[in-house]
Amino acid sequence: MRENILKSKSYAFALRVVRLYKYLSDNKEYVLSKQLLRSGTAVGALVREAEFGQSKADFTSKLSIALKEANETHYWLSLLRDRGYIDERMYDSILAEIEELIRLLVSSVKTAKKNREK
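Visitor: Can you walk me through unusual backbone geometry in this structure?
Guide: Backbone geometry follows two general trends: most residues other than glycine have a negative phi, and most peptide bonds adopt the trans configuration. Even without being a glycine, Lys 28 presents a positive backbone phi close to 70°. Along the chain, Lys 28 turns up in the loop between helix 1 (5-26) and helix 2 (31-51). A residue is classified by how much of its surface remains accessible, and Lys 28, at 61% relative accessible area, is exposed.

Visitor: Honestly, helix 3 (residues 56-82) in this entry has me stumped. Any pointers?
Guide: Each α-helix turn comprises 3.6 residues. Residues three or four places apart therefore point the same way. Over its 27 residues, helix 3 extends 39 Å from the first C-alpha to the last, a length consistent with the 39 Å expected when each residue adds 1.5 Å. Residues of helix 3 that are buried: Asp 58, Thr 60, Lys 62, Leu 63, Ala 66, Glu 69, Ala 70, Thr 73, Trp 76, Leu 77, Ser 78 and Leu 80. Next to the buried residues of helix 3 lie helix 1, helix 2 and helix 4 (88-117). A positive backbone phi angle near 85° is found at Gly 84, which sits one or two residues after helix 3.

Visitor: Help me understand the nonpolar core in this model?
Guide: Nonpolar side chains in soluble globular proteins tend to be buried together. One finds Leu 20, Leu 36, Leu 63, Leu 77, Ile 86, Ile 98 and Leu 105 to be the most contacted residues of the largest nonpolar core, which totals 29 residues. For this core, the secondary-structure elements that each account for two or more residues are helix 1, helix 2, helix 3 and helix 4. Considering each element in turn, this core owes the most residues, nine residues, to helix 4. With residues near it in sequence (within four places) discarded, Ile 86 still touches Leu 20, Leu 24, Leu 77, Leu 80, Arg 81 and Tyr 91.

Reading the values: rules and limits
Each chain carries its own residue numbering, running from 1 in the written order of its sequence. Confidence filtering applies because this is a predicted model: local features only for residues at pLDDT of at least 70, side-chain atom pairs given and counted only at 80 or more, and all residues used for totals across whole chains, interfaces and linings. Working from all heavy atoms in the structure, the side-chain values ignore hydrogens and water. Numbering goes from the N terminus for both helices and strands, where a helix is a DSSP run of H or I of at least four residues and a strand is a run of E of at least two. Each residue is assigned to one of three classes by its accessible area relative to the maximum for its type, calculated with a 1.4 Å probe on protein chains only: buried under 20%, partly exposed between the two thresholds, exposed over 50%. Any helix carries an expected span of 1.5 Å times its number of residues minus one. Any two residues having at least one pair of non-hydrogen atoms within 4.5 Å are treated as being in contact. We define the nonpolar core as a collection of buried residues of types Ala, Val, Leu, Ile, Met, Phe, Trp, Tyr and Cys that are connected through side-chain atoms lying within 4.5 Å of one another.

Okay, structure coming up:
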């Protein structure tokens, strides 16, 4: 059975967000980092929920919400960088991962919607 790339990448990203949250909270940044933790870990949780969706519509809905959470995560990362809480190197590194997840989710949502119409 082929590994679910979206599932594994979103889980790995969530682990990375948890580490970044710990780093930020150790450095006394609590507000933005908490938002990042919530949205960044929600992506993988929603992908897992979609796995056992009650219908094709539920599956598509969960992936669509995961996409929205990924986009929100991108926003929080940009704010953290622009306020100087994370440096450019850290930002560029994690940015590549969230952008990849967004691309995967966009593709998955499009495919799910197309399959739902059949």
